[in-house]
Amino acid sequence: MSVDSALFHSALLALTPILLAALGGAICERAGVFNIGLEGMMLIGCFSAVAGSWFTGSAWLGVLFGALASAAYAMILAVGTITLRGDAVVLGVALNLLAVGLTGFLLRTVFGVQGTFSDPALAGLDGIGLPGLGAVPSLGPVLSGHSPLVYLSWAAVVVAAVFLARHPWGLRLRGVGEAPDAAATLGVSPARYRYAAVLTSGLLCGLAGAQLALGNVTLFSENMTAGRGWIAVVAVMLGRALPVGVLLAALLFGVAEAVGFRLQGNGLPPQATDAAPYVVTLAALFLSTARRGRRKRRPAGPTSPDPGPPAPEPLVGASS
């Protein structure tokens, strides 16, 4: 298998949906909400983006439809976990399963097709060339020519990192996730910040779905997210909900997916190449768990010798 600029270009395309969804999951994690429903929110974003683009004739209106529909879908998780105090894991799994059935039903109802909807008239996101960079050998073909959502995802990493580390709202969001009772005593509403985090996660997952359906390809297929939302959850865990860490973890999975596609083009069975990102996911989880286990077993430092019991104090007034 040859390693060239086209491989890295493909890796950046594969990275973007995972990165956007993982950033949403990281924000939820910082607010104290474990969002395992990223897969379902991405799938809703895919279908809504395609539907919006088809009926309006504008890819950007399709992106807007995808983001808003995914945010509305995320409200189910917000109400269930924050207001009704339900289990976030159970609700997240239910949202993932519901999204598969709901989008399959809407595909038949809205477009009258089964399996996949594609049409030459469907407007997709066009790539843009970065001025001055496209002519740079080796680097230009990798970084230039992507859809605007790809560059938006890179900017979102910087914004999220600065927001969580510097901005007062970001510091309060972290406080809500780490010590909600203490934050409430200072006049910060944990429920309000958690609602904002879940809705932001829905918006980012909608953008991820729009990039997948209108940027990477221009179609909608049933269950087309194919586990990318679950990989985004793993990226949040590996990156410890830090924007830069999430970027590195998502980049690992993006490269694995691009390598899988390249190997498929070289003649390997698609069943084997499609498994490449998930094999990398399992390996990364195993290595991360083993590393944390070694840290827990490592002694904190040299222990000082036991001084023994303290000497008895002399009795006051005792005769010599």
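Fair warning: this is a prediction, and the values are worked out from it, not measured in the lab.

Calculation rules
Residues numbered from 1 in each chain as written. Predicted model: local features only at pLDDT ≥ 70, side-chain atom pairs only at ≥ 80, totals over all residues. Heavy atoms only, no water. Helix = DSSP H or I, 4+ residues; strand = E, 2+ residues; numbered from the N terminus. Buried < 20%, exposed > 50% of the residue type's maximum accessible area, 1.4 Å probe, protein only. 1 Å grid on protein atoms, 1.4 Å probe; cavity = no way out; pocket = protein on both sides within 12 Å on 5 of 7 lines; lining within 4 Å. Points joined across faces, edges and corners; volume = space filled by probe spheres on them. Nonpolar A, V, L, I, M, F, W, Y, C, P; charged D, E, K, R; others polar. Axes fitted to C-alpha atoms, helices over the stretch in contact; angles between N-to-C directions. Left-handed = near helix turned anticlockwise from the far one by under 90°. Phe/Tyr/Trp six-rings, centres within 6.5 Å; stacked < 30°, edge-to-face > 60°. Salt bridge = Lys/Arg side-chain N within 4 Å of Asp/Glu carboxyl O. Expected span 1.5 Å × (residues − 1). Polar contact = N/O pair within 3.5 Å; in protein donor to acceptor, adjacent residues only side chain to side chain. Core = buried A, V, L, I, M, F, W, Y, C linked by side-chain atoms within 4.5 Å. Contact = heavy atoms within 4.5 Å. Parallel < 35°, antiparallel > 145°, perpendicular 65-115°, else oblique.

A.B. asks: What am I meant to see in unusual backbone geometry here?
C.D. replies: What is expected of a backbone is that most residues other than glycine have negative phi and most peptide bonds are trans. We note that R85 has phi near 60°; this positive angle belongs to a residue other than glycine. Of note, R85 is situated in the loop between α3 (59-83) and α4 (88-111). When its relative accessible area of 72% is taken as the criterion, R85 is described as exposed. Non-glycine residue A241 carries a positive phi angle of around 60°. Among the structural elements, A241 can be located in the loop between α10 (228-238) and α11 (243-265). Relative accessible area serves as the criterion here: at 4%, A241 is assigned to the buried category.

A.B. asks: I tried to follow the layout of surface pockets on my own but got confused; where do I start?
C.D. replies: Within this model, the largest pocket holds a volume of roughly 380 Å³. The wall of the largest pocket is formed by 18 residues, among which I27, F163, L173, A196 and T200 lie closest to the centre. Those elements that place two or more of their residues in the lining of the largest pocket are α1 (5-30), α6 (148-166), α7 (168-178) and α9 (190-216). No other element matches the seven residues that α9 contributes to the lining of the largest pocket. Among the residues making up the lining of the largest pocket, the classes are represented as 16 nonpolar, one polar and one charged.

A.B. asks: Can you help me understand the packing of α3 against α9 in this one?
C.D. replies: Axes are the key here: two packed helices are described by the angle between their axes and the distance separating the axes. As a packed pair, α3 and α9 sit with axes 7 Å apart at the nearest point and diverge in direction by 145°. Seen along the crossing, α3 lies across α9 with a hand that is right-handed. Grouping the amino acids of the contact of α3 with α9 by side-chain chemistry returns 20 nonpolar, six polar and one charged.

A.B. asks: When you look at the packing of aromatic side chains in this model, what are you seeing that I'm missing?
C.D. replies: Pairs of aromatic rings are described using the distance from one ring centre to the other and the angle between the two planes. Within the structure shown, the criterion is met by six aromatic pairs. Of the aromatic side chains, those joined through ring pairs into one cluster are F47, W54, F55, F111, F117 and F220.

A.B. asks: Explanation requested: the pattern of salt bridges in the structure shown.
C.D. replies: Counting across every chain of the model gives two salt bridges. One salt bridge connects E222 with R108, and the closest N-O pair in it is separated by 3.4 Å. Taken together, the residues E222 in the loop between β2 (220-221) and α10 and R108 in helix α4 connect sequence positions 114 residues apart. A relative accessible area of 30% places E222 in the partly exposed class. With a closest N to O distance of 2.7 Å, R228 and E257 form a salt bridge.

A.B. asks: Help me understand α3 in this model?
C.D. replies: Since one α-helical turn is 3.6 residues long, residues separated by three or four positions face the same way. Its 25 residues give α3 an end-to-end C-alpha distance of 35 Å, which sits within 8% of 36 Å, the value for a rise of 1.5 Å per residue. In this structure S58 caps α3, since a side-chain oxygen of it lies 3.4 Å from the backbone nitrogen of W60. Note on α3: the residue one or two positions beyond its end, R85, has a positive phi of about 60°.

A.B. asks: Quick question: what am I supposed to make of the nonpolar core here?
C.D. replies: Note that soluble globular proteins tend to have their nonpolar side chains buried in a common cluster. In this structure, V50, V198 and F220 are the most contacted members of the largest nonpolar core, which totals 74 residues. Among the elements that line this core, the one with the most residues is α9, at 12 residues. Apart from residues lying up to four places away in sequence, V198 is in contact with C28, V33, A74, L77, A78 and I82.

A.B. asks: Can you help me understand the side chain of S153 in this one?
C.D. replies: Assignment of secondary structure puts S153 in helix α6. The buried category is assigned to S153, whose relative accessible area is 0%. A distance of 2.5 Å separates a polar atom in the side chain of S153 from the backbone oxygen of V150. Every residue in contact with S153, bar those within four places of it in the chain, is listed here: T16, L19, L20 and L23.

A.B. asks: Whenever I open this one, the packing of α1 against α9 confuses me. Can you help?
C.D. replies: Closest axis-to-axis distance for the α1/α9 pair is 7 Å, and the angle between their directions is 175°. What the angle tells us is that α1 and α9 run roughly antiparallel. The segment α1 lies against α9, with L13, A14, T16, P17, L20, A21, L23, G24, G25, I27 and C28 engaging A197, V198, T200, S201, L204, C205, L207, A208, Q211, L212 and N216. Residue composition of the contact of α1 with α9, grouped by class: 15 nonpolar, seven polar and no charged.

A.B. asks: Got a minute to help me understand the side chain of N96 in this structure?
C.D. replies: When you line up the elements, N96 lands in helix α4. Residue classification places N96 among the buried positions, given a relative accessible area of 6%.

A.B. asks: Sorry, what's going on with empty space enclosed by the protein here?
C.D. replies: Summary: where empty space remains is shown by rolling a probe the size of a single water molecule over the atoms. Here the structure, examined in full by the defined rule, presents one cavity of 30 Å³ or more. What the largest cavity holds in volume is close to 40 Å³. Lining the largest cavity, in full, are G25, E29, F34, N35, L38, V233 and V236. Of all elements in the fold, only α1 and α10 reach the threshold of two or more residues within the lining of the largest cavity. When grouped by side-chain class, the residues that make up the lining of the largest cavity number four nonpolar, two polar and one charged.

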